[in-house]
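Descriptive structure summary
Here are the chains, one letter per residue:
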Amino acid sequence: MESEKLLQSLIEQTRLNSNRVAQLKSHTLATLTWKDDPNSWNILECLEHLNLYGAFYLPKIEREIKNSTSQSEAEFNPGFLGNYFAQSMLPKEKMVKMKTFKSKNPIHTSLDKNVLDTFLAQQLHLIDLLNQSRTVSLNHVKIATTLSSLLKLKLGDTFRFLINHNSRHLHQVDGILAKMERM
């Protein structure tokens, strides 16, 4: 796939995700913390989960872009594992529940609307990093994953995974709002 088209697509998806979260600012704290099942996440918990992933990945991405001596390429070629992870995060009609790491699970945490601001700030940072990545190789720059510092994905796959993960949980947020409306 063309590197520039990929980056443009990821920037657009990030903007859509940001706009969706900005709309949530008009909701009350009661709405943002509502849940129909005590063992499921509310809206703020979904977003805090994303914030925890952003806090992990964004500094790593920034450091690797800054330290890279690689040159950008016209084509990005997804890696086998990176492509699998990115594809597995895409929202689907019937999404398979996935276990999350305890360190990335905000269930039963006292959260407020600052979670929304943190998410939006991270998305601005993400767009900046996507723009910065135009000068480096999306294929050769590698980012360590939450699974292991030894398991590294191509920068392009890391961006795809992170942004698809955001979209997946915003799809979950839409489901929570829909359930709440039916109650």
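Scope of this entry: the structure provided in the associated data block.

What counts and how
- Residues numbered from 1 in each chain as written.
- Predicted model: local features only at pLDDT ≥ 70, side-chain atom pairs only at ≥ 80, totals over all residues.
- Heavy atoms only, no water.
- Core = buried A, V, L, I, M, F, W, Y, C linked by side-chain atoms within 4.5 Å.
- Buried < 20%, exposed > 50% of the residue type's maximum accessible area, 1.4 Å probe, protein only.
- Helix = DSSP H or I, 4+ residues; strand = E, 2+ residues; numbered from the N terminus.
- Contact = heavy atoms within 4.5 Å.
- Salt bridge = Lys/Arg side-chain N within 4 Å of Asp/Glu carboxyl O.

**Regarding the nonpolar core**
Residues I61, L130, L155 and F159 are the most contacted members of the largest nonpolar core, which totals 26 residues. Of all the secondary-structure elements, those providing two or more residues to this core are α1 (3–24), α3 (43–67), α5 (114–132) and α6 (155–182). Ignoring any residue separated from it by four or fewer positions in sequence, one finds F159 in contact with L10, I61, I65, L126, L129, L130, S133 and L138. Core analysis: the second largest hydrophobic core is formed by 18 residues, L44, L116, F119 and L120 among them.

**Regarding the pattern of salt bridges**
Under the criterion given, the structure shown has eight salt bridges. As a salt-bridge pair, E4 and R134 come within 2.8 Å of each other at their nearest N and O atoms. Within this pair, whereas E4 is found in helix α1, its partner R134 is found in the loop between α5 and β1 (142–144), the two being separated by 130 residues in sequence. Judged by relative accessible area, E4 falls into the partly exposed class, the value being 39%. Across the salt bridge formed by D157 and R160, the nearest N and O atoms sit 2.8 Å from each other. With D157 and R160 both in helix α6, this residue pair falls three residues apart, about one helical turn. There is no split in this pair, since D157 and R160 are both buried.

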